[in-house]
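Letter by letter, the chains look like this.
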Amino acid sequence: SQKIEQNSEALNIQEGKTATLTCNYTNYSPAYLQWYRQDPGRGPVFLLLIRENEKEKRKERLKVTFDTTLKQSLFHITASQPADSATYLCALDPGGGADGLTFGKGTHLIIQP
Amino acid sequence: DAGITQSPRHKVTETGTPVTLRCHQTENHRYMYWYRQDPGHGLRLIHYSYGVKDTDKGEVSDGYSVSRSKTEDFLLTLESATSSQTSVYFCAISNDRNQPQHFGDGTRLSIL
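Residues numbered from 1 in each chain as written. Chains lettered and ligands numbered in written order. Predicted model: local features only at pLDDT ≥ 70, side-chain atom pairs only at ≥ 80, totals over all residues. Heavy atoms only, no water.

**Student:** So what exactly am I meant to see when it comes to the overall build of chain A here?
**Tutor:** On a plain count of helices and strands, chain A comes out with zero helices and 11 strands. When its helices and strands are written in sequence order, chain A yields β-β-β-β-β-β-β-β-β-β-β. Considered along the principal axes of its C-alpha atoms, chain A spans approximately 45 × 30 × 20 Å. Looking at the 113 residues of chain A, the share that counts as buried comes to 45%. Accessible surface for chain A amounts to roughly 5600 Å². Of this, 47% is attributable to carbon and sulfur atoms. In chain A, which carries 13 positive and 12 negative side-chain charges, the distance between the mean positions of the two groups comes to 2 Å. (Helix = DSSP H or I, 4+ residues; strand = E, 2+ residues; numbered from the N terminus. Buried < 20%, exposed > 50% of the residue type's maximum accessible area, 1.4 Å probe, protein only. Areas by Shrake-Rupley, 256 points an atom, 1.4 Å probe, with all protein chains shown as cover. Lys, Arg positive; Asp, Glu negative; His and termini not counted. Charge placed at Lys NZ, Arg CZ, Asp CG, Glu CD.)

**Student:** Which parts of the structure should I look at to understand the sheet that holds strand E3 (residues 19–25) of chain B?
**Tutor:** Paired through their backbone hydrogen bonds, the strands of a sheet run either parallel or antiparallel. Residue and element names in this part refer to chain B. Across the sheet, four strands lie side by side as E1-E3-E8-E7; this open sheet has antiparallel pairing. Two strands close off the open sheet at either side, each with one partner strand: strand E1 (4–7) and strand E7 (64–70). Each strand axis lies, on average, 15 degrees off the axis of its neighbour in the sheet, ignoring direction. Pairing geometry for E1 and E3, over four bridges, is antiparallel. Bridge pairing in E3 places Thr 5 opposite His 24. (Pairing = 2+ DSSP bridges. Axes fitted to C-alpha atoms, helices over the stretch in contact; angles between N-to-C directions.)

**Student:** Which parts of the structure should I look at to understand the state of the cysteines?
**Tutor:** Every disulfide links exactly two cysteines, by a covalent bond between their sulfur atoms. Scanning all chains against the criterion turns up two disulfides over all chains. Bridging A:Cys23 to A:Cys90, the disulfide has an S-S length of 1.9 Å. Around the S-S axis, the bridge from A:Cys23 to A:Cys90 shows a dihedral of about -50 degrees and counts as left-handed. With A:Cys23 in strand E3 (residues 19–26) and A:Cys90 in strand E9 (residues 86–92), this residue pair connects regions lying 67 residues apart in the sequence. A:Cys90 gets classed as buried once you look at its relative accessible area, which sits at 0%. Disulfide pairing places B:Cys23 opposite B:Cys91 at an S-S distance of 1.9 Å. Across the disulfide from B:Cys23 to B:Cys91, rotation about the S-S bond amounts to roughly -70 degrees, and the bridge is consequently left-handed. With B:Cys23 in strand E3 and B:Cys91 in strand E9 (residues 87–94), this residue pair connects regions lying 68 residues apart in the sequence. Assigned by exposure class, B:Cys23 and B:Cys91 land together as buried. (Disulfide = S-S within 2.5 Å.)

**Student:** In this structure, what is going on with the sheet that holds strand E6 (residues 56–59) of chain A? I would like to understand it.
**Tutor:** Residues and elements named next belong to chain A. Ordered in space as E1-E3-E8-E7-E6, the five strands form an open sheet in which the pairing is antiparallel. The open sheet has two edge strands, strand E1 (3–6) and E6, and neither has a second partner. Taking the axes of each pair of neighbouring strands and ignoring which way they run, one obtains an average angle of 15 degrees across the sheet. Of the pairings in the sheet, the one linking E3 to strand E8 (residues 72–77) comprises six bridges and is antiparallel in character. Following the sheet pairing, Ala 19 is matched in E8 by Ile 77.

**Student:** Help me understand the packing of aromatic side chains in this model?
**Tutor:** Geometry of an aromatic ring pair is reported as the spacing of the ring centres plus the angle between the planes. Applying the stated criterion across every chain yields a total of 14 aromatic pairs over all chains. Seen in terms of ring centroids, A:Tyr36 and B:Phe103 are 5.7 Å apart; in terms of plane orientation they differ by 85 degrees. Their pairing is edge-to-face. Highlighted residues: A:Tyr36 in strand E4 (residues 32–38) and B:Phe103 in strand E10 (residues 102–103), drawn from two different chains. For the residue pair A:Tyr36 and B:Phe103, the accessibility class agrees, reading buried in each case. Here A:Phe103 and B:Tyr35 contribute two aromatic rings whose centre-to-centre distance is 5.6 Å and whose plane-to-plane angle is 90 degrees, an arrangement assigned as edge-to-face. Here the residue A:Phe103 occupies a position in strand E10 (residues 102–103), and B:Tyr35 occupies one in strand E4 (residues 31–37), the pair thus bridging two chains. For the pair formed by A:Phe103 and B:Tyr35, the shared burial category is buried. (Phe/Tyr/Trp six-rings, centres within 6.5 Å; stacked < 30°, edge-to-face > 60°.)

Shown next as structure tokens:
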């Protein structure tokens, strides 16, 4: 069956360290993968998109990698800050001509001061 | 922030009643989507639209219908609400199918 898996438990990171979040997928062949941030009571906010022919994408303190052989994306936040605390969602295009995104359940990231 | 407004923001209603949620955008984006978000599940696609009067089903479309008579408005209707449809509903928009999506702040719907 098709699955998208993200760290199910909260991830606690010390301020200033690099936070690394994982997104693994099974039985998908996505042309691209996206990462979103969601704060409590708010809608998801788009962060980064990476395509299958790109290995890495950066935006300020954020970096995303995409390994289609391992079927995995890693999302890094360097020099983390308490304001980075949120739930981070991985999403991919399910293929097969379907529009819309398929989302993982998200990882709750807590940056400790 | 992208101009997306969802209404109502909160609604409590009874089983068996019809419910319509509205999504309004001011960005002139072609694609509009309805998702639901429940504990233990990721966001799940209900229906989407790729243009006026052009809609298609998503992963969890049973019990829902949609309409898009204008570019800026996308309506989600629960013809006869059930308790299993208690959820937070998000509308999203995008320029094209491969582009980032911009989300509204959701409608919290409770069916008693």
